Amino acid sequence: MTYPFVISPMLVQDFESEDELIERCKEWNLLSTTATRVKTYLYKRQGLTLPCEIVGYVDPQTVVIQFENNQQHCIHPAYLKEMQTAAFGSRAGTVSEAAKTEDSGNDPEEAVAEEGAADAVGSAACPENSGDEEATPSMAVSSRAEEAVAIVAGEPPEAPKKKPAKSPKKVALVLPEEKLQMTAVVKEFTTVPNHFSDNDDEVIIYEGVAVEGHDLAIDEIWSSHSATLKKLELAVGDTVSFEAKVVAKKLTQHPVKYKINNPSKMKKVE
């Protein structure tokens, strides 16, 4: 069984370890400060109560959960936390939250809790999905919010507007599971913000990527500028060869969609 309400993430940032998952759940207030293990959460929607687990994140405000049918869904951590309360989903609770939202000046979409308004946060963190009707629920959420307000006021809801035609979906690049022998040219050294650390992360962006034995359309790729790589004293324009696994993981604030994980046998090519 699949769930039609799911907002599937285009790119998921995985946790390096269970310890990192626990620490981030504490920062999202999804675990107590004394917790030492992960837990299973409940996702509640339209009479459904579905067990799920946190498997990654898109950004610090968008958690990726996975249901028992392996579907993944984007959700705001505060909204997921609210779902763990026994009173979540009650009619009174929904009206009360709507009133609080109106008083605070927030977007009325978030007040329609039972309709999944807070789930729309996930779509904002997945811009590549902008042409996909399922991945951009903001119009649908807004419509549901307006309909709910009209019903409370005693007015009949407006007829739904005709949806624009879907744009063609982009075909995702199929990446091999095994390590690959590659060469690439150092294009740039840069840093990206780390919301969970006081210091920015150092990274390297490569261009001219060539994969031995595979015809992969990868123009640019990135990796962490680790202590091991610093020993090579790389400079812009250097050609390097290495073995690594390629994963779909976008570099923050840069249009580089693929990362090399656990590079080994890295060396300069003269």
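Everything in this summary refers to the structure shown in the same document.

How each quantity is defined
- Residues numbered from 1 in each chain as written.
- Predicted model: local features only at pLDDT ≥ 70, side-chain atom pairs only at ≥ 80, totals over all residues.
- Heavy atoms only, no water.
- Helix = DSSP H or I, 4+ residues; strand = E, 2+ residues; numbered from the N terminus.
- Buried < 20%, exposed > 50% of the residue type's maximum accessible area, 1.4 Å probe, protein only.
- Contact = heavy atoms within 4.5 Å.
- Areas by Shrake-Rupley, 256 points an atom, 1.4 Å probe, with all protein chains shown as cover.
- Core = buried A, V, L, I, M, F, W, Y, C linked by side-chain atoms within 4.5 Å.
- Phe/Tyr/Trp six-rings, centres within 6.5 Å; stacked < 30°, edge-to-face > 60°.
- Pairing = 2+ DSSP bridges.
- Axes fitted to C-alpha atoms, helices over the stretch in contact; angles between N-to-C directions.
- Salt bridge = Lys/Arg side-chain N within 4 Å of Asp/Glu carboxyl O.

1. Some details on the overall build of the protein
Across its full length, the protein carries six helices and nine strands. For the protein, with 270 residues in total, the buried portion stands at 38%. Sequence-distant contacts, at least 24 apart, represent 59% of the contacts inside the protein between residues at least 6 apart. Total accessible area computed for the protein in this model is approximately 16200 Å², and 50% of it derives from carbon and sulfur atoms.

2. Notes on helix α1 (residues 18-27)
Burial in α1 covers these residues: E20, L21, I22, R24, C25 and K26. Check the buried side of α1 and you find it contacts β1 (41-45) and β2 (48-59). The positive-phi residue at the C-terminal boundary of α1 is N29, with phi of around 60°.

3. Focus on the nonpolar core
Soluble globular proteins: nonpolar side chains tend toward being buried together. One finds Y41, Y43, I54, I65, F67, I75 and L80 to be the most contacted residues of the largest nonpolar core, which totals 25 residues. A184, L216, I218 and V240 belong to the second largest nonpolar core, which has 21 residues in total.

4. A word on unusual backbone geometry
With phi around 55°, E233 is a residue other than glycine that occupies positive phi space. Position of E233 among the secondary structure elements: in the loop between α6 (227-230) and β8 (239-248). Positive phi is not limited to glycine here, since Q253 has a value of about 65°. Tracing the sequence through the fold places Q253 in the loop between β8 and β9 (258-268).

5. Points about the packing of aromatic side chains
Per the counting criterion, the structure on display carries 10 aromatic pairs. Judged by centre distance (5.4 Å) and plane angle (10°), the ring pair of F5 and Y43 falls under stacked. With F5 in the segment before α1 and Y43 in strand β1, this pair connects stretches of sequence that are 38 residues apart. F5 gets classed as buried once you look at its relative accessible area, which sits at 14%. Accessibility expressed as a relative area gives 1% for Y43, which makes it buried. Each ring, one from F15 and one from W28, has its centre 6.5 Å from the other, and the planes form 65°; the classification is edge-to-face. Pair noted here: F15 is in the segment before α1 and W28 is in the loop between α1 and β1, with a separation of 13 residues, a long-range link. An aromatic cluster is defined as three or more aromatic residues linked by ring pairs; in this entry it consists of Y3, F5, Y43 and F67.

6. So, the sheet that holds strand β3 (residues 62-67)
Strand order in the open sheet formed by four strands is β1-β2-β3-β4, with antiparallel pairing between adjacent strands. Each edge of the open sheet is held by one strand with a lone partner, namely β1 and β4 (72-75). Each strand of the sheet is rotated relative to its neighbour by a mean of 50°, with strand direction disregarded. Sheet analysis places β3 next to β4, joined by four bridges and oriented antiparallel. Among the inter-strand pairings, I65 is bridged to a residue of β4, identified as H73.

7. Thoughts on the environment of E82
Assignment of secondary structure puts E82 in helix α2 (residues 77-83). Residue classification places E82 among the partly exposed positions, given a relative accessible area of 30%. Considered as a pair, E82 and K44 are 38 residues apart in the sequence and their alpha carbons are 9.7 Å apart.

8. Structural notes on the pattern of salt bridges
This model, assessed by the stated rule, comprises seven salt bridges. Note that K230 is salt-bridged to E202, the shortest N-O span being 3.3 Å. One end of the pair, K230, is in helix α6; the other, E202, is in strand β6 (residues 201-211), with 28 residues separating them in the sequence. We note a salt bridge from E243 to K265, for which the minimum N-O separation is 3.5 Å. A residue pair is termed long-range when its members are at least 10 positions apart, and E243 in strand β8 and K265 in strand β9 qualify at 22 residues. Taking the relative accessible area as the measure of exposure, E243 reaches 23% and is therefore partly exposed.

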